[in-house]
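Structure at a glance
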Amino acid sequence: MSNKDTDKKLKVGKKRKFKKRYWLLLDLVLAIIIFTLLFHKPARYKPQDTVPAGNNQDQINPYLTNVLLPQLYNGAQHQEPFDLVVIQKGINETISQYQWPQESNGVVLSAPTVFFVPEGIVLMGTANIKGAELVVTVVARPSLDEQGLLHLRVEKVKIGAMNITPIARLMAKRMYAERLATVNVDTENLRAKIAASLLNDEPFEPIINVRDIFDDVDKKVRVEKVTITQKKLILRLVPAS
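Residues numbered from 1 in each chain as written. Predicted model: local features only at pLDDT ≥ 70, side-chain atom pairs only at ≥ 80, totals over all residues. Heavy atoms only, no water.

Side note on the pattern of salt bridges
The test is simple: Think of a salt bridge as a Lys or Arg side-chain nitrogen and an Asp or Glu carboxyl oxygen that are within 4 Å of each other. Strands are runs of DSSP state E lasting at least 2 residues, helices are runs of H or I lasting at least 4, and numbering of each runs from the N terminus. Throughout, exposure labels follow a simple rule: accessible area from a 1.4 Å probe, protein chains only, divided by the maximum for the residue type, with under 20% read as buried, over 50% as exposed, and the rest as partly exposed.
By the definition in use, this model includes 6 salt bridges. Note that aspartate 83 is salt-bridged to arginine 236, the shortest N-O span being 3.1 Å. Residue aspartate 83 is located in strand E1 (residues 82-87), and its partner arginine 236 is located in strand E11 (residues 232-240); the two are separated by 153 residues in the primary sequence. For aspartate 83, a relative accessible area of 37% translates into the label partly exposed. The partner of glutamate 188 in a salt bridge is lysine 193, with the nearest N and O atoms 3.7 Å apart. The network of salt bridges with shared partners includes Arg153, Lys173 and Asp201.

Brief notes about the packing of aromatic side chains
What counts is decided by this rule: Two aromatic rings from Phe, Tyr or Trp, using only the six-membered ring of Trp, form a pair when their centres are within 6.5 Å; if the ring planes differ by under 30 degrees the pair is stacked, by over 60 it is edge-to-face, and anything between is tilted. Note on criteria: charge over ring means Lys NZ or Arg CZ within 6 Å of the ring centre, with the direction from the centre no more than 35 degrees off the ring normal.
Tallied over the full model, the rule gives 1 aromatic pair. Ring centres of tyrosine 73 and phenylalanine 214 lie 4.9 Å apart, and the angle between their planes is 75°; on these two criteria the pair is classed as edge-to-face. In this pair, tyrosine 73 is assigned in helix H2 (residues 62-78) and phenylalanine 214 in the loop between strand E9 (207-209) and strand E10 (220-229), connecting sequence segments 141 residues apart. For phenylalanine 214, a relative accessible area of 15% corresponds to the buried category. If you follow arginine 44 out to its NZ or CZ, it ends over the ring of phenylalanine 115, 5.1 Å from the centre.

Some points on the nonpolar core
The cut-off we apply is this: By nonpolar core is meant a set of buried Ala, Val, Leu, Ile, Met, Phe, Trp, Tyr and Cys residues that side-chain atoms within 4.5 Å join together. Any pair of residues with heavy atoms lying within 4.5 Å of one another is described as a contacting pair.
Among the nonpolar cores identified, the biggest contains 24 residues, and Leu72, Val86, Phe116, Val210, Val221 and Leu237 are the most heavily contacted of them. Listed by contribution, the elements that provide at least two residues to this core are H2, E1, helix H3 (88-96), strand E4 (113-117), E10 and E11. Top contributing element to this core by residue count: H2, with 5 residues. Here valine 221 is in contact with Leu72, Ala76, Phe82, Pro206, Ile207, Ile208, Val210, Leu237, Val238 and Ala240, once residues within four sequence places are set aside. One finds Val122, Met124, Val135 and Val139 within the second-largest nonpolar core, a separate group that totals 7 residues.

Put into structure tokens, the structure is as follows:
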């Protein structure tokens, strides 16, 4: 073998080693980026202080009994258009009173925090997966179409700073389909309609049967308009037949 052939082989070997190291370095950089994105904690997110299990778990939060439900009760009785004003702080206080954390399929979920912002409703919570704590962010935008049907479209789903919206939508649709196939779900129930809209992009008639909440008020109201401002959600409700 000539010196020229030997030099050529050495050069080819060096190039292969360089390429191998290059791809290994690239894989390492990508792994670091993905790790950083997944474990990113948004600056505005702070885990909620929750009530320990067994402590006043059956008590309804004062915000519901003293503020929100009286708004609905009085407005429905008058049978005139009225605004139901939902305050961010009050909703978060109510959520914190439920039993947390909760476990589902090996994932431990902390109490989510709700943010009302002009862009929509933001839900943030911590998911603990085998000791790894990841902040999950869901952004939903409620809107009414020309027929008056309410859409609760999930605009964005993120783990840390990583956008997983397309994957999350596919998983949500599959989970919803599996639930319908295995569990007898009352699809006319308001909660079921909300779940269908969030998980399967199904719009629904936003009618609240007030009698389901108050036995002495045989009235129904319809959501005519949804307005979201900083820390506030306003539902314009009108009488419904």
